Each structure stands twice: as structure tokens, then as C-alpha cells.
Amino acid sequence: MTTSVKNSFLLPSLISNLQQVLATRNDAPAHRSHEAAVADSIKPPSSSSSSSSSGSGAGEIVKPVVLVTNADGIESSGLEFLVEALVQDARCQVCVCAPRSDRSVSGHSVTVGETVSVCSAEISGAVAFEVSGTPADCVSLAMSGALFSWSKPALVISGISRGSSSGQNMLYSGAVAAAREALLCGVPSLCISLNWKKDVSCESNMKEAVSVCLPLIHAAVKGVQNGVFPNSCLLNIEIPSSPLANKGFKLTRQSVWRSSLSWQAVSAIKHPSAGHFMSNQQSLGIKLAQLSRDASAAGAARRLNSHRNNVEVESVGVAGKPSSQQTVKKYFRLEFLDKDLDNVDEDLDIKAVKNGFVSITPLSVSPTLQPEVETSVSNWLAGALTRDH
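Scoring rules and cut-offs
Residues numbered from 1 in each chain as written. Predicted model: local features only at pLDDT ≥ 70, side-chain atom pairs only at ≥ 80, totals over all residues. Heavy atoms only, no water. Patch = residues over 30% accessible without salt bridge, like charges linked within 9 Å, V, L, I, M, F, W, Y side chains within 5 Å. Areas by Shrake-Rupley, 256 points an atom, 1.4 Å probe, with all protein chains shown as cover. Salt bridge = Lys/Arg side-chain N within 4 Å of Asp/Glu carboxyl O. Helix = DSSP H or I, 4+ residues; strand = E, 2+ residues; numbered from the N terminus. Buried < 20%, exposed > 50% of the residue type's maximum accessible area, 1.4 Å probe, protein only. Contact = heavy atoms within 4.5 Å. Axes fitted to C-alpha atoms, helices over the stretch in contact; angles between N-to-C directions. Parallel < 35°, antiparallel > 145°, perpendicular 65-115°, else oblique. Left-handed = near helix turned anticlockwise from the far one by under 90°. Nonpolar A, V, L, I, M, F, W, Y, C, P; charged D, E, K, R; others polar.

Student: Would you take a moment to explain a nonpolar patch on the surface for this structure?
Tutor: On the surface, Val105, Leu261, Trp263, Phe332, Leu334 and Phe336 cluster together into a nonpolar patch covering about 600 Å² of accessible area. Elements represented by at least two residues in the nonpolar patch include exactly β10 (260-266) and β13 (331-337). If you tally residues by element for the nonpolar patch, the top one is β13, at 3 residues. Tracing the backbone through its elements, the reader meets phenylalanine 336 in strand β13.

Right, dumping it as C-alpha cells:
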């Protein structure tokens, strides 16, 4: 596998093999049991430290805390493979807070005025929670101090997600939103996606994607600890569909490309309830609301007789008169379809991925900071590549 780095911002003399430079490190001592980690992580918050300690006395080993989340759901293979690799590597304390179900196109929505439920989970020995809310909810809640003993991890990783988050797809992406929420909270973040191809990609590609991005994650954690990681942006990282055949890392810019949106009519017989994609509570609420509307349309008026403690129903409709309105109900399903690239700059994210590179796109919450952000990330990458030479 070729892992050289190619981008338009780095001098040729600074281009080197990131994975070879960063992959060989001494492993820290093995992680503690899941039960002990849970006990430490759910105790009442006492500080906002981004590091945790294992051991005792003078031999304490302080590990940076890494929060892993995603948008595909806590049971997705991308998250499981990534967490397993980070736990086995043992260089940091891994904590997980992810959506209970697939929220991959939820954007940066948050849950306001409704109850969000949280349940503990088991993922490769890491302290983990599944949340009924959105990816942005997960990050915000994790940093609130309500779940973990810390309120500010060293790094937040959103991924590894299935599907492209390049171009304007970022606007729909719950995975990018999770990383952006971390940035808004003042925490460095990475969003990692695999350019999954339907009927082509397989689960083994997810494991390969983990091996490709691990060196970059280790470099990010070390950069945060040394105070050199760019703190005014998040890095949106997309891995090509054949991870081990990648041509290297490439610093890119966000394109205006997006997937084609295809609305398909769905049979009401095949899918009789619009609540198919909703929770049981939401579906019940819709049904009750419909019953109420139907009762009104029939012209039924309820009058409570307080003396006899019963309810009388009077019909106020006109017999034999047809309804002047008829409710029409249809069902549709939205799908994202791949779209061909036309005249796309080589340094844009989607083009780089198509050409086999791992794209690294800096994203800032302020467009006016973008030139400064690109320079900052370029300098950090150069330092990460040459530090150990």
C-alpha cells in the first residue's frame, strides 16, 4: 500500500510516509476491565480534565481521553472496529456516546423540549452509552458532565461512517455535525468516512479503513497534547472505497458536489403506516391525531353531562350530504444516488477520493477563517510528517 502524502500546500521536501512515521510506537499498558472503567467514568464530575489516570502513586500513567461517536448508530461496524482498535492500542482512554439508531442524514439537529434516553452499552471494553437523540445530542450530552467524569476530552472522533461526507453532503451529514458540535464546544475533532459503494464494498473494507486512519488519529492526539493541533477547525477525512489501495493523504478543499436526491413513490399497501420509520410513541400520536381529525370531519360534538358523569355525542352533520373535501395521502422515500463528476478541480475532496487519495478537508465554523485554517492544517501535517525524522 502506498501511503505517501500529496497535497498542494506542502513543499515536496516535507512529503513523506505518514503511516510509516507514526505507526511504530510503544504500546501503553493494557486497559483495565470494562467494569472498573464504567465505575470511574460515571462518577460525579469533578473536573474538566481531558486526561485520565490508571495505576496509582508515582507510577500513574496519564492517558488522553478520546470520545468516539458516529451517525450510523452504535451497532455499526465502523464504530465497533474503530473502538476495538483504539482500545487494543491502549494509548488513550476510549469513551463512546453514539445514537441508538441510524441518524446519518440528521444534519446538525438537536433534541429540544423532549426527553432523551440513555443506556449503557458494551463495546470492546470501552465505556459506552447509546442515546435516543441525534449525533449532535450525543456530543453535547457527553460534554455536559452528566455521563462521564470529564467534560472535555482531548479529541472527538466521529466515525467511521458508511458513505460519502464530501462536498455539500456535509450539510446533511450527522457525522460531520457531531464533529462540528465538538468544535463548537472547543474540542478538536475528526470526522472519518469510508466512501462506501453499494453492492461493492464489504465489512472487511471497514477494518481496512481503520488501519489507514489510525496513524492520523495518533498524530492528532499527540498534536493536541503538544498544543500544535489546529484548534479552529475540524478535519473531515474521507477514505476511498478500496482503503488499502489508497495513494496517500491529500489536503483538499470542500467541493460543491452533492449526491442526487431521488424521491420514489412507495405503495400504501406495502407500507401502510407513515410511522414505519418512527418510534412507537410517535406513531401512536399520529394515529390519535388522525382519529381526532376524523371525528371532527364527521361532525361529532361531545357534551359532558356533569350530573350523570357520562358523555353524550350529538351528530351535527347533514344526512345524505357528501363531504366537500377528500383527504389524499401518499408515501414517498428519499434516496441519495451517486452523481458523475464534471470538470472538478483535482484539489477538491470528492475528486481526490475518486482518484484514490485519502482526502483531509479542514472545516471551520467561520468562512472568513478558511484561508488561515488551511495554512494551519498544512503546517501541522508538515510537522507531523517530519517530527520523527
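What follows picks up the thread again.
Student: Looking at this structure, how should I read the side chain of asparagine 169?
Tutor: Examined against the element boundaries, asparagine 169 turns out to sit in the loop between β6 (155-162) and α5 (174-184). Taking relative accessible area as the criterion, asparagine 169 reaches 5% and is therefore assigned buried. When sequence neighbours within four positions are dropped, the list of residues in contact with asparagine 169 reads Ser164, Trp257, Arg258 and Ser259.

Student: Can you walk me through the packing of helix α3 (residues 77-89) against helix α6 (residues 203-225) in this structure?
Tutor: For the pair α3 and α6, interaxial distance at closest approach is 9 Å and the crossing angle is 45°. By the angle between their axes, α3 is oblique relative to α6. Between α3 and α6 lies a crossing whose hand is right-handed. Seen from α3, the contacting residues are Ser77, Gly78, Phe81, Leu82, Ala85, Leu86 and Asp89; seen from α6, they are Glu203, Met206, Lys207, Val210, Leu214, Ile217 and His218. Of the residues that constitute the contact of α3 with α6, the class distribution is 8 nonpolar, 3 polar and 3 charged.

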